[in-house]
Amino acid sequence: MNLLKQTIDDKGLIEDLIPQKAPFVMVDKLIHFSEEKVITGFTPLLTNLFVYNNKFMAAGLIEHMAQSVALHTGYQYFLKNEPAPTGYIGAIKLAEILELPPVDQELITTVTILHEILGVTLVEIQVTCNDRIMANSEMKTVLAN
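As a starting point, this report considers the structure included with it. (Residues numbered from 1 in each chain as written. Predicted model: local features only at pLDDT ≥ 70, side-chain atom pairs only at ≥ 80, totals over all residues. Heavy atoms only, no water.)

Strand order in the open sheet formed by six strands is β1-β2-β6-β7-β8-β5, with antiparallel pairing between adjacent strands. Edge positions in the open sheet fall to β1 (29–34) and β5 (87–97), since each of these has one partner strand only. Neighbouring strand axes in the sheet, compared pairwise and without regard to direction, differ in orientation by 20° on average. Here strand β6 (residues 107–117) pairs with strand β7 (residues 120–129) via ten bridges, running antiparallel. (Pairing = 2+ DSSP bridges. Helix = DSSP H or I, 4+ residues; strand = E, 2+ residues; numbered from the N terminus. Axes fitted to C-alpha atoms, helices over the stretch in contact; angles between N-to-C directions.)

And the structure:
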């Protein structure tokens, strides 16, 4: 069940839901939210810190994936009227970068929550751009507080 009624693309609200702040924000849209899944969007621009030769680099893709997980957590807390906690990447079990996406093309990222217990979340992540898979990852994130 999608608990999100419509896509959230208000950059100010998105920034309130994650701990990162500009220019280090690598998500700009919340498309779908449920307890077990989140779908985010992000369009890297030429001015992005992780863009080189008109491509969004691997480090940016990994940060985008981590921020997509943070957006899931942040929106969960938003629904409870509580401030979003700070978290960090605990481990990256798998990070497969298949292709570097071009600038000005929207990334659509699906995060599937595999397990969530005591502030530790294990997720599978897939990033697509123009219906092509750009990256896959399995990450463990940990809440700091």
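Text resumes after the structure shown.
Moving on, we come to helix α2 (residues 58–79). Between its terminal C-alpha atoms α2 stretches 32 Å, which fits the 32 Å expected from 22 residues at 1.5 Å a residue. Most of α2 is tucked away, with 17 of its 22 residues classed as buried. Phi turns positive, to about 60°, at Asn81, one or two residues after α2. (Expected span 1.5 Å × (residues − 1). Buried < 20%, exposed > 50% of the residue type's maximum accessible area, 1.4 Å probe, protein only.)

Tracing the backbone shows Gln126 in strand β7. Judged by its relative accessible area of 31%, Gln126 falls in the partly exposed class. Taking the C-alpha atoms as reference, Gln126 lies 8.3 Å from Ile108; in sequence the two are 18 residues apart. In contact with Gln126, not counting residues within four places along its chain, are Ile108, Thr109, Thr110, Ile133, Ala135 and Asn136. At a separation of 3.2 Å, a polar atom in the side chain of Gln126 contacts the side chain of Asn136. (Contact = heavy atoms within 4.5 Å. Polar contact = N/O pair within 3.5 Å; in protein donor to acceptor, adjacent residues only side chain to side chain.)

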